[in-house]
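# Reading the structure
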Amino acid sequence: MMTTGNLFLALIGTAVSLCLLRLLFRKTGPFHLLKGWWRSTQDWFYVYQVLKVPEFNDAVQENPLYRRVSVYLNSLPSLEESDFTNLFAGKKPNDILLHLDPNQTIDDVFLGARLSWTNDQRGDRRAFVLRIRRADKMSILRPYLQHIHAVSDEIDRKKRDLKLHINVDDGGSGRWRSVPFTHPSTLDTIAMEPDLKDKVKSDLESFLKAKQYYHRLGRVWKRSFLLYGPSGTGKSSFVAAMANFLGYDVYDIDLSKLKDDSDLKLLLMDTTAKSVVVMEDLDRFLASKSTALSLSGILNFMDGILSSCCAEERIMVFTMNSKEHVDAAIMRPGRVDVHIHFPLCDFSAFKNLANSYLGVKDHKLFPQVEEIFQGGASLSPAEIGELMIANRNSPSRALKSVITALQTDGSAAKIGRRLSHDGVRKPGDESADSSGVFLKDSNAMKDLRKLYGLLRMKSTRKTPSFDGDSGQ
Ligand SMILES: Nc1ncnc2c1ncn2[C@@H]1O[C@H](COP(=O)(O)OP(=O)(O)OP(=O)(O)O)[C@@H](O)[C@H]1O
Ligand SMILES: [Mg+2]
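Residues numbered from 1 in each chain as written. Chains lettered and ligands numbered in written order. Predicted model: local features only at pLDDT ≥ 70, side-chain atom pairs only at ≥ 80, totals over all residues. Heavy atoms only, no water.

Stated formally: UniProt positions are given in the numbering used here, feature names are shortened, and annotations may be inferred rather than shown by experiment.
In the nomenclature of an unreviewed UniProt entry, the chain is known as AAA+ ATPase domain-containing protein of Eucalyptus globulus. Recorded under Sequence similarities (unreviewed entry), the UniProt text for the chain is reproduced unchanged: "Belongs to the AAA ATPase family. BCS1 subfamily." Heading Catalytic activity (unreviewed entry) of the UniProt record for the chain holds this comment: "ATP + H2O = ADP + phosphate + H(+)".

## Looking at the confidence of the model for the chain
This is how the line gets drawn: Across the chain, each position has a pLDDT score giving the predictor's confidence in that residue, from 0 to 100. Note on contacts: a residue pair is in contact if any heavy atoms of the two residues lie within 4.5 Å.
Per-residue confidence for the chain gives a mean pLDDT of 79, with 82% of residues at or over 70. Segment residues 410-472 is flagged for pLDDT under 50; beyond a separation of four residues in sequence, or across chains, it makes 101 contacts in the model.

## Some words on the site of ligand 1
Definition in use: It suffices for a single heavy atom of a residue to lie within 4 Å of a molecule or strand for the residue to be listed as near it. Any N or O atom pair separated by 3.5 Å or less is treated as a polar contact, with the protein-specific requirement of one donor-capable and one acceptor-capable atom, and with residues adjacent in sequence counted only for side-chain atom pairs. Accessible surface area values rest on a Shrake-Rupley calculation with a 1.4 Å probe, where residue burial reflects the displayed protein chains alone. Numbering of helices and strands runs from the N terminus; a helix is a DSSP stretch of H or I covering at least four residues, while a strand is a stretch of E covering at least two. We call Asp, Glu, Lys and Arg charged. Ala, Val, Leu, Ile, Met, Phe, Trp, Tyr, Cys and Pro are nonpolar, and the rest, Gly among them, are polar. Here the limits of each domain have been adopted from an automatic or database domain assignment.
Close contacts around ligand 1 come from 16 residues, with A191, S231, K235, S236 and S237 the closest. A distance of 2.7 Å separates a nitrogen atom of ligand 1 from a polar backbone atom of A191. At a separation of 2.4 Å, an oxygen atom of ligand 1 approaches a polar side-chain atom of S231. Bound to the protein, ligand 1 loses 73% of the 620 Å² it would expose on its own. Among the secondary structure elements, those contributing two or more residues to the shell around ligand 1 are α8 (235-246), α13 (347-358) and α15 (381-390). Broken down by class, the residue content of the shell around ligand 1 amounts to 7 nonpolar, 8 polar and 1 charged. Two domains each provide a minimum of three residues to the shell around ligand 1, namely domain 2 (163-341) and domain 3 (347-462).

## Let's talk about the environment of Y144
This is how it is decided: Type-normalised accessible area, obtained with a 1.4 Å probe on protein chains alone, sets the label of each residue: buried when under 20%, exposed when over 50%, and partly exposed for intermediate values.
Position of Y144 among the secondary structure elements: in helix α5 (residues 134-159). Y144 sits in the buried class, given a relative accessible area of 0%. Those residues within four positions of Y144 in sequence are excluded, and the remaining contacts are Y72, D108, F110, L115, W117 and L130.

## Examining the side chain of K222
The condition that has to hold: Within this scheme the basic residues Lys and Arg register as positive and the acidic residues Asp and Glu register as negative, but His and the chain ends are omitted. Criterion for a salt bridge: a side-chain nitrogen of Lys or Arg within 4 Å of a carboxyl oxygen of Asp or Glu.
Mapping K222 onto the fold places it in strand β9 (residues 222-228). Buried charge without a partner: K222 forms no salt bridge, and the closest opposite charge is D337, 4.9 Å away. Polar contacts involving the side chain of K222 include one to the side chain of S224, which spans 3.3 Å. A distance of 3.1 Å separates a polar atom in the side chain of K222 from the backbone oxygen of M302.

## With respect to the packing of aromatic side chains
Stated precisely, the cut-off is as follows: Centre distance within 6.5 Å is the pairing criterion for rings of Phe, Tyr and Trp, where only the six-membered ring of Trp is used; planes under 30 degrees apart are then read as stacked, over 60 as edge-to-face, and the remainder as tilted.
Per the counting criterion, the structure on display carries 13 aromatic pairs. Measuring from ring centre to ring centre gives 5.9 Å for F347 and F350, while their planes differ by 20 degrees; the resulting arrangement is stacked. Of this pair, F347 and F350 both sit in helix α13, 3 residues apart, which is roughly one turn of that helix. By the burial criterion, F347 is buried, and F350 matches it. Between the aromatic rings of F350 and F373, the centroid separation amounts to 5.8 Å while the plane-to-plane angle is 50 degrees, which identifies the pairing as tilted.

## Details of the sheet that holds strand β5 (residues 113-122)
For clarity, the threshold we go by: Only strands that DSSP links by at least two bridges are regarded as paired with each other. Angular values range over 0 to 180 degrees, each being the angle between N-to-C directions of two axes fitted as lines to C-alpha atoms, with helices fitted over their stretch in contact.
Across the sheet, 4 strands lie side by side as β1-β6-β5-β4; this open sheet has antiparallel pairing. Edge positions in the open sheet fall to β1 (48-54) and β4 (105-110), since each of these has one partner strand only. Across this sheet, the average inter-strand angle for adjacent strands is 25 degrees, counted without regard to direction. Summarising the sheet, β1 and strand β6 (residues 125-133) pair through 7 bridges and their orientation is antiparallel. When the sheet's bridge partners are listed, Q49 is paired in β6 with I132. Against the sheet, α5 engages β1, β4, β5 and β6, with an angle of about 130 degrees to β6.

## Some thoughts on the pairing of strand β12 (residues 314-320)
Along any regular strand, the residues point their side chains to alternate faces of the sheet. Most of β12 sits out of view: 7 of its 7 residues are buried. What you see with β12 is no split at all: R314, M316, F318 and M320 on one side and I315, V317 and T319 on the other are buried throughout. Here β9 pairs with β12 via 7 bridges, running parallel. Following the sheet pairing, S224 is matched in β12 by M316.

## A word on the sheet that holds strand β13 (residues 338-341)
Adjacent strands of a sheet pair through backbone hydrogen bonds, lying either parallel or antiparallel. Strand order across the open sheet formed by 7 strands is β8-β7-β10-β11-β12-β9-β13, with mixed pairing between neighbours. Edge positions in the sheet fall to β8 (175-180) and β13, since each of these pairs with one other strand and no more. Averaged over all pairs of adjacent strands, the angle between their axes in this sheet comes to 20 degrees, without regard to strand direction. Inspection of the sheet shows strand β11 (residues 275-279) paired to β12 by 5 bridges, in the parallel sense. Paired with V276 across the bridge in β12 is I315. Lying on the sheet, helix α6 (residues 194-208) is in contact with β9, β12 and β13; it crosses β9 at an angle near 160 degrees.

## A short note on the pattern of salt bridges
Per the stated rule, a full pass over the model turns up 12 salt bridges. Of the charged contacts in the structure, one is a salt bridge between R160 and D249, with a shortest N-O distance of 3.2 Å. One end of the pair, R160, is in the loop between α5 and β7 (163-168); the other, D249, is in strand β10 (residues 249-253), and 89 residues separate them in sequence. A salt bridge links R175 to D270; the nearest nitrogen and oxygen atoms lie 3.1 Å apart. With a gap of 95 residues between them, R175 in strand β8 and D270 in the loop between α9 (261-269) and β11 connect regions that are remote in the sequence.

So, in structure tokens, the structure goes:
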């Protein structure tokens, strides 16, 4: 049995060993010195090749590769683990930038090969020095540099301050005006069938990576989406979410501001790469029989023949309430790559909304709501969201007001939807959107406002604690 004295000695022994280990591995300790000597020995025997990426070239012009390498190194886990890392605040809140101390080295692994980067600083001259095994150089240097480009591109894309461009009618040729794009919508905040959302996400991700693929096929690197569904089902919010996901600017084309086809061409030629170009309510525009633009003008725009001459890597999005009466040529494959239907709320979308708007994952009123949905009643996510926001301080009250609104679906809400867009339909009744009634937006808005007033009055009557002023 161990005596108290022995236990004490063991504890002291452990503490001393720990201190020794700590000394051994500290920044300037023998372990790091040994590592440095080992590197020098290997260099002496030309095991490695050293490649320099200077900050400036001989003409004192900035070397773009230097910045890319810096961005890339910033993202390496080994930089986070290094003892020689400095932390700086970035431009955006919560943005932390990591910088390696001058003349320190970090390691990286690529396709199984070990590489290292040194932040070389001598006076004013700065460079990153890559150390790569000669045996690996042939096989991995090129792909490694491509990898650095791809990673730094991706990081830059995520960090960009996005812009929203809208075309204005300046008396002659319509041109873009820009404002910062700060729409908070993200793919996570959109209530949508999870499978569909995942599909869209991976579609967008694979689009981002597909430059070589598109070029090999001789196709313009663009992807077109058609978002269709009743009013207030999240089409515009989804466009914003896509832009945020991709880190792309948004060009929102107001077709009514255009004089003719060439105006549209000029607008497109003025857009930049890495952008989402949006045409909202295309069905209404086509049905309005406007003479300003021809169908072929719009088709050429959709084909992106023009975009190939100026900028690539763009997403085109067209939104419609219904595609029933739209010329089939508009929607032929290749012109529109992905069709996404935005339906009215079902119970699963409702739960999604309740979670994000009220922070409620489950509630004793849910079974009642589910039953009402199963009975065929439905509202748009916008209508349900509105009721939830208005009653956000009391989830029970919010759910009760949603129930009341759903129960009146047969009367007020349904009439409201009929007035607000052409695609009047009961949930799941796709064929019902053939009425082709187009109302001017202002009328529809008035009717909707009346409807919301009506719904609120009703819910106030049922639930006296209704907060009519809460942020509305
Ligand atoms: N699926 C959804 N998930 C979350 N919020 C939604 C959804 N649909 C609508 N909303 C909310 O409803 C409001 C209106 O939505 P949005 O403008 O995107 O609808 P829309 O389909 O573009 O309508 P319209 O056809 O009238 O232009 C937004 O504030 C949005 O946050
Ligand atoms: Mg919209």
